[in-house]
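Okay, here's what each chain looks like letter by letter:
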Amino acid sequence: GIQVEQSPPDLILQEGANSTLRCNFSDSVNNLQWFHQNPWGQLINLFYIPSGTKQNGRLSATTVATERYSLLYISSSQTTDSGVYFCAVLLSGSARQLTFGSGTQLTVLP
Amino acid sequence: EAGVAQSPRYKIIEKRQSVAFWCNPISGHATLYWYQQILGQGPKLLIQFQNNGVVDDSQLPKDRFSAERLKGVDSTLKIQPAKLEDSAVYLCASRRLGRHEQYFGPGTRLTVT
């Protein structure tokens, strides 16, 4: 099956810093989503981005489908950004299920 | 619009007992998913419904897990009997037909002792 690798596994930042999270995937996809799982366990949709670039406030994401990776940028980080960031992909073709990476645990210190 | 609703939020049971979780998807979302998320890992799909039919249950441990979505809206996931390794967060998600984005509920945290 498809492999989804996220890096780094852990990231500790000072408030105000910028960061880049990476997601590599092993096959062609027609769905890629970034989620933030907050400390209470809620998975929150950040981006649906199978290709191209999107921005939403301090967050932006870029997916280069031909090179099989996606990047999530967080600028001017805040303590409320803490949590786990997951990348999830759906294979092109007949596969029906989202496959999640193992996540990046982000801690933003005040 | 209201999000995906799940209940209960927390459940503690002893091994060999039974437990059931409930999910109400976003209105108009025909596709519903149940995921299991073990601590430190990403969610793993258990079962996918479209309306009241099962699309994919290949990763559902059918000897102890069952799920239904009889009227194509609400869904229940049952574990009978529970094992220690079933301790996890059970997440429900829904998706509108023709769209790719899945939206997740708050989850049910199950502890089996």
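Coordinates for the structure precede this section.
Residues numbered from 1 in each chain as written. Chains lettered and ligands numbered in written order. Predicted model: local features only at pLDDT ≥ 70, side-chain atom pairs only at ≥ 80, totals over all residues. Heavy atoms only, no water.

## Observations regarding the pairing of strand 6 (residues 52-56) of chain A
Residue and element names in this part refer to chain A. Under the convention used in this document: For each residue, the accessible area found with a 1.4 Å probe, counting protein chains only, is set against the maximum for its type, and the residue is called buried under 20%, exposed over 50%, and partly exposed in between. By the criteria applied, helices consist of DSSP H or I runs no shorter than four residues and strands consist of E runs no shorter than two, each listed in order from the N terminus. A pair of strands counts as paired when DSSP detects no fewer than two bridges linking them.
When you tally the buried positions in strand 6, you get zero out of five residues, a small fraction of the element. Bridge count for strand 6 against strand 7 (residues 59-64) is five bridges, and the pairing is antiparallel. Bridge pairing in strand 7 places Asn56 opposite Leu59. Linkage of strand 6 to strand 7, two consecutive antiparallel strands, is achieved through a turn of two residues, within which Gly57 is found at a positive phi near 65 degrees.

## Notes on the sheet that holds strand 1 (residues 5-7) of chain B
All names here are of chain B. Inclusion rule: Between N-to-C directions, angles span 0 to 180 degrees; the directions come from axes that are lines fitted to C-alpha atoms, helices contributing only their stretch in contact.
Read across the sheet, four strands follow the order 1-3-8-7 without closing on themselves; strand pairing throughout is antiparallel. Two strands close off the open sheet at either side, each with one partner strand: strand 1 and strand 7 (65-68). Within this sheet the neighbouring strands show an average axis-to-axis angle of 15 degrees, counted without direction. Both strand 1 and strand 3 (residues 19-24) contribute to a ladder of three bridges, which runs antiparallel. For Ala5, the partnering residue across the bridge sits in strand 3 and is Asn24.

## Structural notes on the pattern of salt bridges
Residue and element names in this part refer to chain B. This is how the line gets drawn: In the sections that follow, a salt bridge refers to a side-chain nitrogen of Lys or Arg positioned within 4 Å of a carboxyl oxygen of Asp or Glu.
A full pass over the atoms with the stated rule returns four salt bridges over all chains. Taking the shortest distance from any N to any O, the salt bridge between Asp86 and Arg64 comes out at 2.5 Å. Separated by 22 residues along the polypeptide, Asp86 in the loop between strand 8 (75-79) and strand 9 (88-95) and Arg64 in the loop between strand 6 (53-56) and strand 7 bring together distant segments of the chain. Taking the relative accessible area as the measure of exposure, Arg64 reaches 11% and is therefore buried.

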